[in-house]
Amino acid sequence: MTLGGQGPRVFITGTPGVGKTTQCKRLAPLLHTECISLGEALLSSPYVKYVPHLDTYEIVDMEKAKRYVKPLLSKGRVLETHVVELVDDVDVVFVLRKAPDVLYAELAKRGWPTRKVVENVWAEILDVVYVAARERWGKVFQIDVTRRSPEETSALLMKCLSGECVDEEVDWLSYAERSGFLDFIERLSRSEGLS
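The paragraphs below set out a description of the structure included in this document. (Residues numbered from 1 in each chain as written. Predicted model: local features only at pLDDT ≥ 70, side-chain atom pairs only at ≥ 80, totals over all residues. Heavy atoms only, no water.)

Considerations on the packing of aromatic side chains
The relation between two aromatic rings is expressed through the spacing of the ring centres and the mutual angle of the planes. Rule in force here: Classification of ring pairs rests on two measures: the distance between centres of Phe, Tyr or Trp rings, Trp counted by its six-membered ring, which must be within 6.5 Å, and the angle between planes, read as stacked under 30 degrees, edge-to-face over 60 and tilted in between. Put simply, DSSP H or I for four residues or longer makes a helix, DSSP E for two residues or longer makes a strand, and each gets a number counted from the N terminus. Burial classes follow relative accessibility: with a 1.4 Å probe on protein chains only, a residue under 20% of its type's maximum area counts as buried, one over 50% as exposed, and anything between as partly exposed. Geometrically, a charge over a ring is one whose NZ (Lys) or CZ (Arg) sits within 6 Å of the ring centre while staying within 35 degrees of the ring normal.
Per the stated rule, a full pass over the model turns up 8 aromatic pairs. Between Tyr-104 and Phe-184, the ring centres sit 5.1 Å apart and the planes meet at 80°, which makes this aromatic pair edge-to-face. One end of the pair, Tyr-104, is in helix 4 (residues 100-109); the other, Phe-184, is in helix 9 (residues 181-191), and 80 residues separate them in sequence. Relative accessible area serves as the criterion here: at 28%, Phe-184 is assigned to the partly exposed category. In this arrangement the basic side chain of Lys-116 is found over the ring face of Trp-112, its NZ or CZ atom lying 4.0 Å from the centre. Sitting over the ring of Trp-137, Arg-136 keeps its end group 5.5 Å from the ring centre.

Here we look at the state of the cysteines
So the rule is basically this: A pair of cysteine sulfur atoms is labelled a disulfide when the two atoms are within 2.5 Å.
Tallying each qualifying case throughout the model produces 2 disulfides. Across the disulfide, Cys-24 is cross-linked to Cys-35 (sulfur-sulfur distance 2.1 Å). The sign of the 120° torsion about the S-S bond sets the Cys-24-Cys-35 disulfide as right-handed. Of this pair, Cys-24 sits in helix 1 (residues 20-30) while Cys-35 is found in strand 2 (residues 35-37), placing the two residues 11 residues apart along the sequence. Of the residues examined, Cys-24 reaches a relative accessible area of 0% and is grouped as buried. The disulfide bridge from Cys-160 ends at Cys-165, spanning 1.9 Å between sulfur atoms. Negative torsions about the S-S bond denote left-handed disulfides, and the value of about 55° found for Cys-160 with Cys-165 makes this one right-handed. Each disulfide in the chain links cysteines that, numbered along the sequence, combine into the pattern 1-2, 3-4.

Shown next as structure tokens:
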């Protein structure tokens, strides 16, 4: 499939740590287009601020941030961000999902502050990004990447773009409860003052 700037806008979203940037960078060359990380694009703008205790950036003016990234949202690009509100019209939306215990281990391994890890894991358990995307666009494709390699995930995304896609169901809350991870993350949340 050659899009070359004229094809659909593909939007990859999900909780931080699920592999959005990796998939954006893998998918864009396959589609002969660019990967645009909206978070990276905003770093040079005055519309984000650094939050030291979370080692992250927050958007301080959503409307101005949306106007700032709007020129990047042209046809035929692959876009990625966890901030669903930044993106207007897109043609295909993929929400990458990852089991919360696996996500926790990977984010902790990155050396992120515990509070930031816990907040992102809760966002994944509670379907925050998925629900926001569904409310915004209605039709989105939820892809469980937990046991897929980056290569397998890219192949699945390409298959989806050719019209052979299934919205995969995940229920991380039940999964976390069954596995005992929910008790762990609740205790950790209390110790971080998040409950």
